[in-house]
Amino acid sequence: MADTRGRLDTDIFSNQMTSTTELAAIKARVHELEKEAEKLREVHSFGERQLMHNPLVALFYQMSHEERVDADNRSVYVGNVDYGATALELKVHFSGCGSVNRVTILCDRITGHPKGFAYIEFSERESVGTAMALDNTLFRGRIIKVLPKRTNIPGITNRGGNRGRPWTRGGRFSNEFQGRSR
């Protein structure tokens, strides 16, 4: 009986030691994850500060709605842009169309990788028509799509709605019988 009791005490003690080492490992891992999360928060806040101190971004937010519309009327959308393309390469490619004010290559917020499209802003509106001639031309081994930039209307989004589905809230079709008769 004493021998059994001694083995039980030893088993309980070894289980407690195993639990203690596992708990210590879990605490260490949680500490590592918290440090990593803090680093990510620092990087994110640094990126936001850089964005807000960028003179081009600040200039955009200081523009009136009419100025933004005018800038959009002097701009083109360029799709299917090679992911390795630079703003300078795009500026050179479109410089024959007119004086280029700004080249914007949009990038993913999280990864920082280019999304594959850009906007080119010209000094004159006539340059947009000239740039349209570069539609379906080759740029860095890819056929690019060039369209006039559209102007977003504040407060109007293209999200939600029925998105082209034939059914709406009431059911598959609005003129169908809904529910059972009473």
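Higher on the page you've got the structure.
All of these numbers come straight from a predicted model, not from anything done at the bench. (Residues numbered from 1 in each chain as written. Predicted model: local features only at pLDDT ≥ 70, side-chain atom pairs only at ≥ 80, totals over all residues. Heavy atoms only, no water.)

Undergrad: So what's going on with the side chain of S75? Which residues, and what values?
TA: Here S75 lies in strand β1 (residues 75–79). Looking at S75, its side chain comes within polar contact range of the main-chain oxygen of A71, at 2.6 Å. Residues in contact with S75, not counting those within four places in the same chain, are I120, E121, V128, P148 and K149. (Helix = DSSP H or I, 4+ residues; strand = E, 2+ residues; numbered from the N terminus. Polar contact = N/O pair within 3.5 Å; in protein donor to acceptor, adjacent residues only side chain to side chain. Contact = heavy atoms within 4.5 Å.)

Undergrad: Give me the nonpolar core: which residues, what numbers.
TA: Residues V76, V78, V81, L90, F94, I120 and F122 are the most contacted members of the largest nonpolar core, which totals 18 residues. Among the elements that line this core, the one with the most residues is strand β3 (residues 114–122), at three residues. In contact with V78, not counting residues within four places along its chain, are F94, G116, F117, A118, I120, I144 and K145. (Core = buried A, V, L, I, M, F, W, Y, C linked by side-chain atoms within 4.5 Å. Buried < 20%, exposed > 50% of the residue type's maximum accessible area, 1.4 Å probe, protein only.)

Undergrad: I'd like to hear about the side chain of R74, residue by residue, with values.
TA: By the secondary structure assignment, R74 is in the loop between α3 (65–73) and β1. For R74, the side chain forms a polar contact with the side chain of E121, separated by 3.3 Å. Contact partners of R74, with chain neighbours within four places excluded, come to N101, I120, E121, F122, S123, E124, R125 and V128.

Undergrad: Can you lay out the pattern of salt bridges for me, pointing to particular residues and giving the numbers?
TA: Tallied over the entire structure, the rule returns ten salt bridges. In this structure, the salt-bridge partner of R41 is E38, at a minimum N-O distance of 3.1 Å. Of this pair, R41 and E38 both sit in helix α1 (residues 2–52), three residues apart, roughly one helical turn. Taking the relative accessible area as the measure of exposure, E38 reaches 36% and is therefore partly exposed. Three or more residues are tied together by salt bridges with common partners; here these are D70, R74, R102, E121 and R125. (Salt bridge = Lys/Arg side-chain N within 4 Å of Asp/Glu carboxyl O.)

Undergrad: Tell me about the pairing of β3, residues and numbers included.
TA: Bridge analysis of β1 against β3 gives five bridges, and the strand direction is antiparallel. Directly across from V76, in β3, lies its bridge partner I120. In the sheet, strand β2 (residues 100–107) pairs with β3 via six bridges, with the strands oriented antiparallel. Note that in β3 the partner of T104 across the bridge is Y119. Between the end of β2 and the start of β3, which pair antiparallel, lie six residues, with G112 showing a positive phi angle near 80°. (Pairing = 2+ DSSP bridges.)

Undergrad: Explain the environment of F122 to me, using residue names and the numbers behind them.
TA: In this structure, F122 sits in strand β3. Here the alpha-carbon distance between F122 and R102, two residues 20 residues apart in the chain, equals 7.1 Å. With sequence-adjacent residues up to four places away left out, F122 is seen in contact with R74, V76, F94, C97, G98, S99, V100, N101, S127, V128 and A131.

Undergrad: Tell me about the packing of aromatic side chains, and name the residues and values.
TA: In this description, an aromatic ring pair is defined by two values, namely the gap between the centres and the angle between the planes. A complete count under the given rule lists three aromatic pairs for this structure. Between Y77 and F117, the aromatic rings sit 5.7 Å apart at their centres with planes inclined by 40°, giving tilted as the arrangement. Of the two residues, Y77 is situated in strand β1 and F117 in strand β3; the sequence distance between them amounts to 40 residues. Cluster of aromatic residues (ring-pair linked, three or more members): Y77, F117 and Y119. Here K149 stacks its cationic end above the ring of Y119, 5.0 Å away from the centre of that ring. (Phe/Tyr/Trp six-rings, centres within 6.5 Å; stacked < 30°, edge-to-face > 60°. Lys NZ or Arg CZ within 6 Å of the ring centre and 35° of its normal.)

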